Amino acid sequence: MSTSNEYYIPHKATWPVIGTAGLVMMLAGFANYLNGSAAGSAWMLLGLTVFIVMLAGWFTLQSGESESGMYSTQVGISYRMGMMWFIFSEIMFFAVFFGTLWYTRNLSVPWLGGEGARAATKELLWPSFEAVWPTNGPGKVGGEFEPMGAWGLPFLNTLILLTSGVSCTWAHHGLLAKNRDQLIKGLAATVGLGLLFVSFQAFEYHEAYTEMGLTLGSGIYGSTFFMLTGFHGFHVCVGAIILSVVLFRSWKGHFKPENHFAFEAAAWYWHFVDVVWLGLFIFVYVI
């Protein structure tokens, strides 16, 4: 137990290794599923199960250590620095994907269309290619498709996710004001809106595949669309799980106005997810 500013040295942790194994199994299963392997879906479910077990075990360990008074002020500072660096790494993660989208739309496609000094590129490689976005060419990879519109379900999802950011902030104010009822209601609303967002996005994916012909194989537009929105949807799922744990701990009365970094970390992550989706809505759906 740490009762002063002495640094708390945690015991040997195995949960990160278990979580990594679960994520690797999920990724390998997903790759095999996309390539038609019968074992792909089973590996995905197994990886998801391992990942959920890891979350339950690690969250239980962390909350137990926190409630038993094992963390000092220095540990709290370390947690904050760690969360800041984690979110920075996530920003760089999505920056790569946004950079891919920008490079494709503003450089690669115009070059293949012969714009500027690239006329020879068009004539030598794809004389019939037209530099328009969205595109699944050259070569009409994956067949014909319809692009996703912005002002239907995507706009509704934008409103839902931004509203969830408001409810999360409202819950935080409830915690600071020692209003437990507001805290729990705000967190429950945030989790519910996050799950609603994921449900609508799953419905959008189903519509894209079954009615619009838009798939991961639909050329560069299909791959960038599902890459960006899919990874974001995964982050929303993770955020909803984290907030669900925070909601349970709030119901148990774990957090106090002067000691609630677990809540703050979840809120930072959730607002990051909100901002990323706003960028996705503008640059993937609208522009």
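Thresholds, definitions, all that
Residues numbered from 1 in each chain as written. Predicted model: local features only at pLDDT ≥ 70, side-chain atom pairs only at ≥ 80, totals over all residues. Heavy atoms only, no water. Phe/Tyr/Trp six-rings, centres within 6.5 Å; stacked < 30°, edge-to-face > 60°. Helix = DSSP H or I, 4+ residues; strand = E, 2+ residues; numbered from the N terminus. 1 Å grid on protein atoms, 1.4 Å probe; cavity = no way out; pocket = protein on both sides within 12 Å on 5 of 7 lines; lining within 4 Å. Points joined across faces, edges and corners; volume = space filled by probe spheres on them. Nonpolar A, V, L, I, M, F, W, Y, C, P; charged D, E, K, R; others polar. Axes fitted to C-alpha atoms, helices over the stretch in contact; angles between N-to-C directions. Parallel < 35°, antiparallel > 145°, perpendicular 65-115°, else oblique. Left-handed = near helix turned anticlockwise from the far one by under 90°. Core = buried A, V, L, I, M, F, W, Y, C linked by side-chain atoms within 4.5 Å. Buried < 20%, exposed > 50% of the residue type's maximum accessible area, 1.4 Å probe, protein only. Contact = heavy atoms within 4.5 Å. Expected span 1.5 Å × (residues − 1). Bend = angle between axes of the 7 residues up to and from the residue. Salt bridge = Lys/Arg side-chain N within 4 Å of Asp/Glu carboxyl O. Lys, Arg positive; Asp, Glu negative; His and termini not counted.

Participant: What's the story with the packing of aromatic side chains in this structure? I'm lost.
Facilitator: If you walk through the whole model with that rule in mind, you get 26 aromatic pairs. When the ring of Trp85 is compared with that of Phe88, the centres are 5.7 Å apart and the planes differ by 90°; the resulting orientation is edge-to-face. One end of the pair, Trp85, and the other, Phe88, are both in helix H3 (residues 73-112), 3 residues apart, so they sit about a helical turn from each other. Arranged with centres 5.8 Å apart and planes meeting at 80°, the rings of Trp133 and Tyr221 form a pair that is edge-to-face. Placement of the pair is Trp133 in the loop between helix H4 (119-125) and helix H5 (153-176) and Tyr221 in helix H7 (residues 219-251), with a sequence separation of 88 residues.

Participant: What am I meant to see in empty space enclosed by the protein here?
Facilitator: A complete count under the given rule lists 1 cavity of 30 Å³ or more for this structure. By volume, the largest cavity amounts to about 40 Å³. In terms of lining residues, the largest cavity is bounded by Leu101, Arg105, Trp133, Tyr221, Thr224, Phe225, Leu228, Phe283 and Val284. With 4 residues, the top contributor of residues to the lining of the largest cavity is H7. Considered class by class, the residues forming the lining of the largest cavity number 7 nonpolar, 1 polar and 1 charged.

Participant: Explanation requested: the packing of H7 against helix H8 (residues 261-286) in the structure shown.
Facilitator: Running from N to C, H7 and H8 point in directions that differ by 155°, and their axes come no closer than 10 Å. One finds that H7 runs roughly antiparallel with respect to H8. Crossing geometry of H7 relative to H8 is assigned as left-handed. Classifying every residue of the contact of H7 with H8 gives 20 nonpolar, 4 polar and 1 charged.

Participant: Even after reading the chapter, I still don't get the nonpolar core, so can you show me in this structure?
Facilitator: As a rule of thumb, nonpolar side chains are buried together in soluble globular proteins. Met148, Leu214, Phe225, Phe263 and Tyr285 are the most contacted members of the largest nonpolar core, which totals 45 residues. Among the secondary structure elements, those contributing two or more residues to this core are H3, H5, helix H6 (180-210), H7 and H8. Counting residues per element, this core draws most heavily on H8, at 15 residues. Setting aside residues no more than four positions away along its own chain, Leu214 makes contact with Phe145, Glu146, Met148, Ala208, Tyr209, Tyr221, Gly222, Phe225 and Phe226.

Participant: What exactly am I supposed to notice about H3 here?
Facilitator: Since the α-helix turns once every 3.6 residues, residues separated by three or four places project in the same direction. Here H3 spans 57 Å end to end across 40 residues, near enough to the 58 Å set by a 1.5 Å rise per residue. Of all the bends in H3, the largest measures some 40° and sits at Thr104. The complete set of buried residues in H3 reads Val75, Gly76, Met83, Ile87, Glu90, Phe94, Phe97, Leu101, Thr104, Val109 and Pro110. The secondary structure elements touched by the buried residues of H3 are H7 and H8. One or two residues past the end of H3 sits Gly114, with phi positive at roughly 85°.

Participant: Just checking my understanding: could you explain the packing of H6 against H7 for this structure?
Facilitator: Between two packed helices, the angle of one axis relative to the other and the distance separating the axes together describe the packing. The contact between H6 and H7 brings their axes to 9 Å, and the two run at 155°. Considering their axes alone, H6 and H7 lie roughly antiparallel with respect to each other. Like other packed secondary-structure pairs, H6 and H7 cross with a definite hand, here left-handed.

Participant: Mind showing me how you'd approach unusual backbone geometry here?
Facilitator: Looking along the chain, the bond that leaves Trp133 and enters Pro134 is cis, with omega of 5°. At Lys178, a residue that is not glycine, the phi angle is positive and equals roughly 60°. In this structure Lys178 comes out as exposed when scored by relative accessible area, which is 69%.

Participant: Can you help me understand the pattern of salt bridges in this one?
Facilitator: Between side chains of opposite charge, pairing is possible as soon as their charged atoms come close. Going through the model one piece at a time under the given rule, you end up with 2 salt bridges. Arg80 is the salt-bridge partner of Glu264, the closest N and O atoms lying 3.2 Å from each other. Residue Glu264 is located in helix H8, and its partner Arg80 is located in helix H3; the two are separated by 184 residues in the primary sequence. For Arg80, a relative accessible area of 30% gives the class partly exposed. The partner of Lys185 in a salt bridge is Asp181, and the shortest N-O contact between them spans 3.1 Å. Residue Lys185 and its partner Asp181 are located together in helix H6, separated by 4 residues, close to a single helical turn. On the basis of relative accessibility, which here comes to 47%, the residue Asp181 falls in the partly exposed class.

Participant: What is the right way to read the side chain of Glu204 from this model?
Facilitator: You can see Glu204 is positioned in helix H6. An unpaired buried charge is present at Glu204: no salt bridge exists, and Arg105, the closest side chain of opposite charge, is 14 Å distant. Once residues within four sequence positions are removed from consideration, Glu204 is found in contact with Met148, Leu153, Pro154, Phe225 and Tyr285.

Participant: What is the right way to look at the layout of surface pockets in this model?
Facilitator: Space left empty within the atom packing is revealed by a probe, the size of a water molecule, rolled over the atoms. Its volume calculated, the second largest pocket comes out at about 230 Å³. Lining of the second largest pocket is provided by 14 residues; of these, Phe129, Thr135, Asn136, Gly137 and Lys140 occupy positions nearest its centre. Grouping the amino acids of the lining of the second largest pocket by side-chain chemistry returns 6 nonpolar, 5 polar and 3 charged.

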